[in-house]
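Spelled out, the chains give:
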Amino acid sequence: MIEAARKWIDAARRVVVLTGAGISTDSGIPDFRGPQGLWTKNPLAEKMSNIHYYLADPQVRKLSWQNRMASPAWTAKPNPGHLALVELEKRRKLHALITQNIDELHQLAGNSPDKVIEVHGSMRRFMCWGCGMRGPMQLVLERVRAGEEDPACRDCGGILKSDTISFGQQLVPEVIDRAMQAAAEAEVFVAVGSTLQVYPVAGAVDIARSAGAKIVIVNAQPTPYDDVAHAVLPGSISAILPAILGSASRSLQ
Ligand SMILES: [Zn+2]
């Protein structure tokens, strides 16, 4: 199956990749939804990621800011899975990199920001719920470190949060449209480390398949799309991605 996936990718000009939490676990960022995930272990963590509780309760926001400061993502480094996607872009085959992750490890690895479609936003930016202002998250975390428990927007006094899509919050239609358009243009669509259970993003697989793309799924656990995929590759993402996305000369070494 790995050999077949590799050949499709070697022959393709437009590869679209969708990544989920599974690609970042080898970088030390836990999968929030998995059996060992934070949400499963701590129901309060789920409350913090719900926009209604977040806006209504200063205590929830206070805890959220402490959580953001303590995130393992601040020191996480891209792993061989991320680097394989950079190589795919260098081979001029990466049409779009749709990600459900908010850690920006794709950009840190070296993928062009204009290739990355962040359907759930980025934890490295903040946004103001009142005026919509955005900026680097570290600016707000500095205020938290200096003693502000729930820093307000300096322009309008509004509630600040990370520029990510919380539960109960609408996805950004333009971003989703862009992701679906890219999926429709794929010759090979590779879903990596995503449970493919969150819609509408998982629907990108249907769109790519209807448009005639080969579907490759790389995920440790089974997904609802395994039956319609042309190749299902379970196992270590850090090992499989370099094997299917790297240049042929590298595989012969
Ligand atoms: Zn504001």
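Here, every reference points to the structure presented above.
Residues numbered from 1 in each chain as written. Predicted model: local features only at pLDDT ≥ 70, side-chain atom pairs only at ≥ 80, totals over all residues. Heavy atoms only, no water.

Remarks on the overall build of the protein chain
Now for step 1: Within the protein chain, the regular secondary structure consists of twelve helices and nine strands.
Now for step 2: Here the C-alpha atoms of the protein chain give a radius of gyration of 19 Å, agreeing with the 18 Å that 2.2 N^0.38 yields for 253 residues.
Now for step 3: Each principal axis of the C-alpha distribution contributes one length, and for the protein chain these read about 55 × 35 × 35 Å.
Now for step 4: Put simply, the protein chain has 253 residues, and 48% of those count as buried.
Now for step 5: Partitioning the contacts of the protein chain with sequence separation of at least 6, the portion at a separation of at least 24 is 66%.
Now for step 6: With the model as given, the accessible surface of the protein chain reaches about 12,100 Å², and the carbon-plus-sulfur share is 55%.
Now for step 7: Where the 27 positive side-chain charges of the protein chain centre and where its 25 negative ones centre are 4 Å apart. (Helix = DSSP H or I, 4+ residues; strand = E, 2+ residues; numbered from the N terminus. Rg over C-alpha atoms; globule rule 2.2 N^0.38 Å. Buried < 20%, exposed > 50% of the residue type's maximum accessible area, 1.4 Å probe, protein only. Contact = heavy atoms within 4.5 Å. Areas by Shrake-Rupley, 256 points an atom, 1.4 Å probe, with all protein chains shown as cover. Lys, Arg positive; Asp, Glu negative; His and termini not counted. Charge placed at Lys NZ, Arg CZ, Asp CG, Glu CD.)

Side note on the pairing of strand E6 (residues 160–164)
Now for step 1: Of all the five residues making up E6, five are buried; the element is thus mostly covered by neighbouring parts of the structure.
Now for step 2: Relative to E6, strand E4 (residues 121–128) runs antiparallel, the two being bridged by five bridges. Paired with Met 127 across the strands is Lys 161, a residue of E6. (Pairing = 2+ DSSP bridges.)

Side note on the sheet that holds E6
Now for step 1: Ordered by their spatial adjacency, three strands build an open sheet running E5-E4-E6, and the pairing between neighbours is antiparallel. The two strands at the open ends of the sheet, each matched to only one other strand, are strand E5 (134–136) and E6. Ignoring which end each strand starts from, the neighbouring axes of this sheet average 45° apart.
Now for step 2: Direction of pairing for E4 relative to E5: antiparallel, over a ladder of three bridges. Each bridged residue has a counterpart across the sheet, and for Arg 125 the counterpart in E5 is Pro 136. (Axes fitted to C-alpha atoms, helices over the stretch in contact; angles between N-to-C directions.)

A short note on the coordination of the zinc ion
Now for step 1: Around the zinc ion, the protein contributes the donor atoms Cys 128 (SG), Cys 131 (SG), Cys 153 (SG) and Cys 156 (SG), which lie 2.3 to 2.4 Å from the metal centre.
Now for step 2: Around the zinc ion sit four donor atoms; with metal-centred angles ranging over 99 to 116°, the donor geometry is tetrahedral. (Donors = N, O, S within 2.8 Å, 3.2 Å for Na, K, Ca; no water. Tetrahedral: all angles 85-135°; square planar, octahedral: opposite > 155°, others 65-115°.)

Regarding the sheet that holds strand E1 (residues 15–19)
Now for step 1: The six strands lie next to each other as E3-E2-E1-E7-E8-E9, forming an open sheet whose pairing is parallel. Each end of this open sheet is capped by a strand with a single partner; those strands are strand E3 (116–118) and strand E9 (231–233). Strand-to-strand twist in this sheet, taken as the mean axis angle between neighbours without regard to direction, amounts to 15°.
Now for step 2: Relative to strand E2 (residues 94–99), E1 runs parallel, the two sharing five bridges. Bridged to Val 15 within E2 is Leu 94.
Now for step 3: Across the sheet, helix H9 (residues 173–184) is in contact with E1, E2, E3 and strand E7 (188–192); its angle to E3 comes to roughly 135°.

Some words on the side chain of Arg 68
Now for step 1: As for its position among the elements, Arg 68 is in helix H5 (residues 58–69).
Now for step 2: The buried charged residue Arg 68 lacks any salt bridge partner; its closest oppositely charged side chain belongs to Asp 150, at an N-O distance of 6.9 Å.
Now for step 3: When neighbours within four sequence positions are excluded, Arg 68 is seen to be in contact with Tyr 54, Trp 74, Met 137, Leu 141, Lys 161 and Ser 162. (Salt bridge = Lys/Arg side-chain N within 4 Å of Asp/Glu carboxyl O.)

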